Amino acid sequence: MTHAPWLGSCVFDGARAFEGVAPDLDLHCQRIVRSAESFGLKVLKNAGEIEELIREGIAKFPKGAELYLRPMFWAEDGFVDVDPESTQFSVSVYDAPIPKPTGFAVTCSPFRRPSFEYAPTDAKAACHYPNSARAIREAKARGFDNAVMLDPLGNVAELSTANIWFAKDGEAHTPVPNGTFLNGVTRQRVVKLLRAAGIKVHERSIKWTEFLEADEVFSTGNYSKVAPITRVEGRDLQPGPIMQTARDLYWEYAL
């Protein structure tokens, strides 16, 4: 009878702890509050209180542990819309090794990201993930690891699980946030770090054909941070210097 599995009222966020740090944890905690508000849930803990609880959880693990940090809000009751007074809250902190940057293969998905008119895209919500799941399932059936999803207008939005980038002629390009995907915390951090390092970053509408002609392609996201994409459709790529710079700058920032 719980509203969340029945009618999809669960929102969450994901942050990371590794090598004794939890970069941008405050921003992740602020975002879970915004997601809860978007869904009409009652904010039982403010961002500062959520961060304090998560850090208490981190302290229970060895200092070098690679952890996933997941606060969640959901409703127990309501019919279609939530009953905010039934809101529940939890924090999960658990071992989840950061994937090695060995590279992965992507293809363009037939499934698209919705716009804000079609779905609550301003929230990091569980209800978005069945669409990601079917995109990954379809891509894996064709021999790829992940799927690139377009927005309703046919521009590239993101991967099914992370934000996507490409580099061309020494400059970085990534889709501009347009209400069809989350402007990831790690994405925003990498934009700032690359620009501060003197690398030109273009945030704009991008067609899939541009990724097919790129010098390098990579992803940013909380789970893997910065990772190379080493096959785009039938074209093999090597991890490139822009990706490596972004990864090095991120770890330098985090540590």
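Per-chain numbering applies: the sequence of each chain, read as written, is numbered from 1 onward. Given that the model is predicted, a residue must reach a pLDDT of at least 70 before its local features are reported, and side-chain atom pairs must reach 80 or more before they are shown or counted; all residues, however, enter totals for whole chains, interfaces and linings. Hydrogens are left out, water is left out, and the side-chain values use all remaining heavy atoms of the structure.

(A) Just the packing of helix α2 (residues 25-38) against helix α3 (residues 47-58), in detail. An axis is simply a line fitted to the C-alpha atoms; with a helix, the fit covers only the stretch in contact. Between two such axes, the angle follows the N-to-C directions and lies from 0 to 180 degrees. The helix count covers DSSP runs of H or I at least four residues long, the strand count covers runs of E at least two residues long, and both are numbered beginning at the N terminus. Between α2 and α3, the shortest axis-to-axis distance is 8 Å and the interhelical angle comes to 125 degrees. Classified by the angle their axes make, α2 and α3 are oblique. In terms of crossing hand, the pair formed by α2 and α3 is right-handed. For the pair formed by α2 and α3, the contact residues are L25, D26, C29, Q30, I32 and V33 on the first element and A47, I50, E51, I54 and R55 on the second. Ten residue types, Ala, Val, Leu, Ile, Met, Phe, Trp, Tyr, Cys and Pro, are classed as nonpolar, four, Asp, Glu, Lys and Arg, as charged, and the remainder, Gly among them, as polar. Its residues placed into classes, the contact of α2 with α3 shows 7 nonpolar, 1 polar and 3 charged. Angles are sorted into four bins: roughly parallel if under 35 degrees, roughly antiparallel if over 145, roughly perpendicular if 65 to 115, and oblique for all others. Crossings are sorted by hand: turned counterclockwise from the far helix by less than a right angle, the near helix makes the crossing left-handed, and turned clockwise it makes it right-handed. Residue contacts are defined here by distance: any two heavy atoms, one from each residue, within 4.5 Å place the two residues in contact.

(B) Summary view of the side chain of S219. Here S219 shows up in strand β11 (residues 216-221). A simple rule labels every residue: compare its accessible area, found with a 1.4 Å probe on the protein chains alone, to the largest value its type can have, and call it buried under 20%, exposed over 50%, or partly exposed in between. S219 gets classed as buried once you look at its relative accessible area, which sits at 5%. Here S219 is in contact with F104, L159, A162, N163, I164, W165, K225, V226, A227 and I229, once residues within four sequence places are set aside.

(C) Quick look at the packing of helix α5 (residues 185-196) against helix α7 (residues 241-254). Between α5 and α7, whose axes approach to 10 Å, the crossing angle comes to 105 degrees. As judged from the angle between their axes, α5 and α7 are roughly perpendicular. In contact with T186, R189, V190, L193 and L194 of α5, α7 contributes I242, T245, A246, L249, Y250 and Y253.

(D) Inspection of the pairing of strand β5 (residues 104-112) at higher detail. Where β5 meets strand β12 (residues 225-232), 3 bridges bridge the pair, whose relative direction is parallel. When the bridges of β12 are listed, F104 appears paired with I229. DSSP bridges decide pairing: two strands pair if at least two such bridges lie between them. With 4 bridges connecting them, β5 and strand β6 (residues 146-150) associate as parallel partners. Pairing of R112 across the sheet is with L150, part of β6.

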